[in-house]
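What follows is each chain in one-letter form.
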Amino acid sequence: CYKMTTVYDLTTSINIGKNNIKKGDFIKVSVKGFFYEKDRESTRWLVPMIVCTFKKPDGKDIKNRPLHISSFIGNKDFNFWHTGSAEEWGEAYFYVKVPKNIEETDDVNVYIWSPSNRLIFIDDMKIELWR
């Protein structure tokens, strides 16, 4: 379990060529999250997110996809506007298609972003390749 206390954290970088990632594959990104009531963020675009970004070696973004983590915590009716239920664990995951213009020298980066810098606990972060 990791206690996230900064705006950007837990960055993982994976090289496309070294990991045999191909155009049209899917990257599944998943994480479990938990927060206390005092750390609840009620503004949807400020809740903590997991972000998957494909980048060129010079740092230029090719594709960038975020997912709100807390929206999946306690969201039993799958409400789009849900910003999370406090004091329970929940898993957030999504699939990102590898872009057609990817090259072997490019990277896929996954990180946690908390625009409001609210405290969130992160566990079981996974990055999987799906063909």
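Scope of this entry: the structure provided in the associated data block.

Criteria and thresholds
Residues numbered from 1 in each chain as written. Predicted model: local features only at pLDDT ≥ 70, side-chain atom pairs only at ≥ 80, totals over all residues. Heavy atoms only, no water. Phe/Tyr/Trp six-rings, centres within 6.5 Å; stacked < 30°, edge-to-face > 60°. Helix = DSSP H or I, 4+ residues; strand = E, 2+ residues; numbered from the N terminus. Buried < 20%, exposed > 50% of the residue type's maximum accessible area, 1.4 Å probe, protein only. Lys NZ or Arg CZ within 6 Å of the ring centre and 35° of its normal.

## Observations regarding the packing of aromatic side chains
Point 1. Scanning the entire structure with this criterion turns up 7 aromatic pairs.
Point 2. Taking 5.4 Å as the distance between ring centres and 90° as the angle between the ring planes, the aromatic pair formed by Tyr-95 and Trp-130 counts as edge-to-face. On the criterion of sequence distance, the pair formed by Tyr-95 in strand 6 (residues 90-97) and Trp-130 in strand 8 (residues 120-130) is long-range, its members being 35 residues apart.
Point 3. The exposure class of Tyr-95 is partly exposed, given its relative accessible area of 38%.
Point 4. Classification of Trp-130 as partly exposed rests on a relative accessible area of 38%.
Point 5. Of the aromatic side chains, those joined through ring pairs into one cluster are Phe-34, Tyr-36, Trp-89 and Phe-121.
Point 6. Lying across the ring of Tyr-93, Lys-28 places its NZ or CZ 4.9 Å from the centre.
Point 7. The side chain of Arg-44 reaches across the aromatic face of Phe-80, ending 4.2 Å from its centre.

Function cannot be read off these values alone, since they describe shape.
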